[in-house]
Amino acid sequence: MTATMRPTASACPACAAAPAADKLASIAAHAQGGAQIALSLPTIHCSACITKIEKTLNAHPGVRSARVNLTLKRASIEADPDVTAQEMKTLVEALGFEAHELDAGTLNATANDRAGRELLMRLAMAGFASMNVMLLSVSVWSGAADATRDLFHWISAAIALPTIAFSGQPFFRNAWAALSNRQLNMDVPITLAIVLAVVTSLWETSLSGKHAYFDAALALTFFLLAGRYLDHRTRAIARSAAEELTALEVPRATRLRADGTEEIVNVAELAVGDLLLVRPGGRMPVDGEIVSGTSELDRSLLTGETLPVFAAEGQTVSAGEVNLTGPLTIRASAVGQDTSLHQMADLVAIAESGRSRYTSLADSAAKLYAPGVHILSALAFVGWYLYTFDMRTALNIAAAVLIITCPCALGLAVPAVTTAASGKLFRRGMLIKHETALERLAQVDTVVFDKTGTLTAGTPELTNLADIPRRDAELALALAQGSSHPLAQAITRAAREAGFAPAPVSDLSEVPGYGTRALLEGREVRLGRASWIGAQGRAETATFLDRGEGAPVAFSFTDRLREGAAEAVQSLKDAGKDVYLMSGDTTPAVEALAERLGITHWLAEALPADKSSRIQAMSARGAKVLMVGDGLNDTAALAAAHVSISPASALDAARVASDIVLLGSDLSPIASACATAGAATRRIRENFRIATIYNIVAVPLAMAGLCSPLIAALAMSASSITVSLNALRLR
């Protein structure tokens, strides 16, 4: 029998218990002289729990330090390189506490969540303080004078100064980092505007001036933090696909000693020539050659093939392939960084670095905007000081220029539109992950689809049950029930839905790599691959039934189309985009699907490097490629494309490598997403034009001394609100 299946668990208890992230920890341990282990402890509830766990962990001879955080319910452990997460987990569970290892991805996501919470907290503080200071300012505007006015100004200072010191930290840190490297970024004029507004306000307050601008400084901080938080939301779930691929590497392997006994070792300890045992359900830890055993290999993660490959002595295997049915002994030929899986991670990393060079509209504007703001403010200060020789007047006007040109509108132009467009697409079943994905999606003129799991469902479906006699179908059902093979499961599912009952067979057993057999009325019956049954296989036939008499019965399967696949392809073609099909599947299967969907350009039996290189060649010719894929073999292509989409059912590494995740099973929203992206890009450009017109009108007024810092802050707020309202038109 042949088909694709990814087992959900390893048959090896040690491998099943060991998370894939241990490989990363092992590498870090050898590089830095120690291992960093994190455990989630959901059942701890008091300081006594902390003391008990820390005492036990620190008593382990390989543990250097262990700390438990009650708030996060997490243990952080620094240990010797040979200490494993499983050992630590066992120690904690022996105390009666539940424990789970946290992998690198979970820790990154937690850190990212913390950054979002901190931004939101700073935004809330700035908003609350801004409202209170605005109330005090209204009293001053309404006629409060002399001592009352000074009191309100000092109260405003008491509220504004600590709030700005706390809430403005993201801008202050980024500005300092840029200046330390002798560079300018958007945060430098932002910081200068905030600091100058505060200094001017303190000066005016100390001189009993009529106006202070603490409300302007807080409003600046609030609007800019709002833009920063919206921007954070659009990229909160983006993570490195190369790290995800590395995490798929098997952390431990079963090595055979010279005397034939087994030992569980870290993959980092393996060497070329080692003999390894890979049990059914296990993933290949290294590249190698089969020494003994027969089975079937699921290569779908690496090649996208829908059908497993028969594996026997002398055949080569690659890291990442899954052993389906029988135990295999392999001799390692490539380990560590030399394995095919690690080389694929390198491909993805290279492709990701190329895509990261894409310059967004906001970045392009910032390169011109930041130095221009400083020059205008400096010119205003110098000009007015030379004209009046009044430091107070020159400082106020320079502050007004900085405030009125503060890039709030530019800071909101992209994230406001991105958030509105992301919300619209989310309601249609698409999740935008990358901050520049919409801009890149709007430029797409070529779409490349993977086959298995993308245009098709990736699961076999029995097509000729109606043509098979009931007795044969019931016999096939009885044999199929004894196997977890995907084709056997397809037969079982179809026969049960048709109301068939299994035939009364006995001595049912599975022959690894071949199929199942049993006894029926004293004769042997078999269900499996054509070569085992003695049948002549055809391209569309995947398995046969030997009834012990007469000719074998053929069972045909197909990979059904994913919902909305035909509509998506046709809509994209109608929109004038070139559509390609690239797959690692066999030529007949790919050709048949291409004809079915009307796709004229297709590539079969493509390796991951082939897909990536083809897309890079298209890009070199000027094409803007959208890649839609779901497998490990697609990750390099997803990262190499101008923009990429993967279904929610895709492998974790593919979802991470993609810019957009399709949440449902329907592909039809892809075409409408391209249209929405085009509209979003137009809104972004409109927002830049609004901000530009605003500056053209406002800056001369500020430089002419016709705008106080307070009026400048109101004008800045008005431009920010206008940009936000324009973005909401997308909804």
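Here is what the cut-offs are and how they apply
Residues numbered from 1 in each chain as written. Predicted model: local features only at pLDDT ≥ 70, side-chain atom pairs only at ≥ 80, totals over all residues. Heavy atoms only, no water. Helix = DSSP H or I, 4+ residues; strand = E, 2+ residues; numbered from the N terminus. Buried < 20%, exposed > 50% of the residue type's maximum accessible area, 1.4 Å probe, protein only. Contact = heavy atoms within 4.5 Å. Areas by Shrake-Rupley, 256 points an atom, 1.4 Å probe, with all protein chains shown as cover. Salt bridge = Lys/Arg side-chain N within 4 Å of Asp/Glu carboxyl O. Axes fitted to C-alpha atoms, helices over the stretch in contact; angles between N-to-C directions. Parallel < 35°, antiparallel > 145°, perpendicular 65-115°, else oblique. Nonpolar A, V, L, I, M, F, W, Y, C, P; charged D, E, K, R; others polar. Pairing = 2+ DSSP bridges. pLDDT = per-residue confidence, 0-100. Core = buried A, V, L, I, M, F, W, Y, C linked by side-chain atoms within 4.5 Å. Arc of directions from axis to C-beta.

Digging into the overall build of the chain
- Looking only at helices and strands, the chain features 27 helices and 26 strands.
- The buried share among the 731 residues of the chain stands at 52%.
- Here the contacts in the chain between residues at least 6 apart in sequence split such that 70% fall between residues at least 24 apart.
- As displayed, the chain offers around 31000 Å² of accessible surface, 57% of which is attributable to carbon and sulfur atoms.

Description of the pattern of salt bridges
- The tally for this structure, following the rule as stated, stands at 17 salt bridges.
- Note that Arg-440 is salt-bridged to Asp-659, the shortest N-O span being 3.1 Å. With Arg-440 in helix H16 (residues 437-441) and Asp-659 in the loop between helix H25 (652-657) and strand E26 (660-662), the pair connects residues that are 219 residues apart, well separated along the chain.
- Residue Arg-440 is classed as buried on the basis of its relative accessible area of 1%.
- A salt bridge links Arg-683 to Glu-686, with the nearest nitrogen and oxygen atoms 3.3 Å apart.

What about the environment of Leu-425?
- With respect to the element layout, Leu-425 can be found in helix H15 (residues 408-427).
- For Leu-425 and Ala-677, which are 252 residues apart along the polypeptide, the C-alpha to C-alpha distance reads 9.3 Å.
- Apart from the residues lying within four places of it in its own chain, the contact partners of Leu-425 are Met-430, Ile-432, Leu-438, Ala-673 and Thr-676.

Focus on the packing of helix H6 (residues 146-167) against helix H7 (residues 169-180)
- Where H6 meets H7, the axes come as close as 5 Å, and the angle between the chain directions of the two elements is 55°. Compared by their axis directions, H6 and H7 come out oblique. In this structure, H6 uses Ile-164, Ala-165, Phe-166 and Ser-167 to contact H7, whose residues at the interface are Gln-169, Pro-170 and Phe-172.
- Partitioned by chemical class, the residues of the contact of H6 with H7 number five nonpolar, two polar and no charged.

A word on the sheet that holds strand E14 (residues 430-432)
- Spatially, seven strands are ordered E14-E26-E25-E24-E15-E22-E23 in an open sheet, and the strand pairing comes out mixed. Looking at which strands have only one partner, the edges of the open sheet turn out to be E14 and strand E23 (601-603). Between one strand axis and the next, the sheet turns by 20° as a mean value, whatever way the strands run.
- Alignment of strand E22 (residues 578-582) against E23, held across three bridges, turns out to be parallel. Paired with Leu-581 across the bridge in E23 is Trp-602.
- On the sheet, helix H22 (residues 587-597) packs against E22 and E23 and is oriented at approximately 160° with respect to E23.
- Packed onto the sheet, helix H26 (residues 669-703) meets E14, strand E15 (446-449), strand E24 (625-628), strand E25 (643-647) and E26 and runs at close to 40° relative to E14.

Looking at the confidence of the model for the chain
- Overall, the prediction assigns the chain a mean pLDDT of 77, with 79% of residues at 70 or greater.
- Averaged over each element, pLDDT in the chain is lowest for helix H1 (residues 13-17) (31) and highest for E15 (93).
- Contacts for the low-pLDDT stretch residues 234-245, under 50 throughout, to residues beyond four places or in other chains number 40 contacts.

Details of the pairing of E25
- Here E25 lies mainly inside the structure; five of its five residues are buried.
- The alternating pattern of E25 places Val-643, Ile-645 and Pro-647 and Ser-644 and Ser-646 on opposite faces, both of which are buried.
- Looking at chain direction, E25 and E26 are connected through three bridges and run parallel. When the sheet's bridge partners are listed, Ser-646 is paired in E26 with Val-661.

Thoughts on the nonpolar core
- Counting 44 residues, the largest nonpolar core has Ile-164 and Ile-404 as its most contacted members.
- Residue assignment for this core shows that the elements contributing at least two residues are helix H5 (104-141), H6, helix H8 (187-206), helix H9 (214-235), helix H13 (361-388), helix H14 (391-404) and H26.
- The biggest single contributor to this core is H14, with ten residues.
- Those residues in contact with Ile-404 that lie beyond four places of it in its chain are Tyr-694, Asn-695, Ala-698, Val-699, Ala-702, Cys-707, Ala-712 and Ala-715.
- In this structure, Val-579, Ile-599, Ala-673 and Ala-680 belong to the second largest nonpolar core, which totals 41 residues.

Quick notes on helix H21 (residues 565-574)
- Among the residues making up H21, those that are buried are Ala-565, Ala-568, Val-569 and Leu-572. One side of H21 carries all its buried residues, which in axial view fall inside an arc of 95°.
- Check the buried side of H21 and you find it contacts E15, helix H17 (451-455), strand E21 (553-561), E22, H22 and H26.
- Remark: Gly-576 follows H21 within two positions and exhibits a positive phi of approximately 85°.

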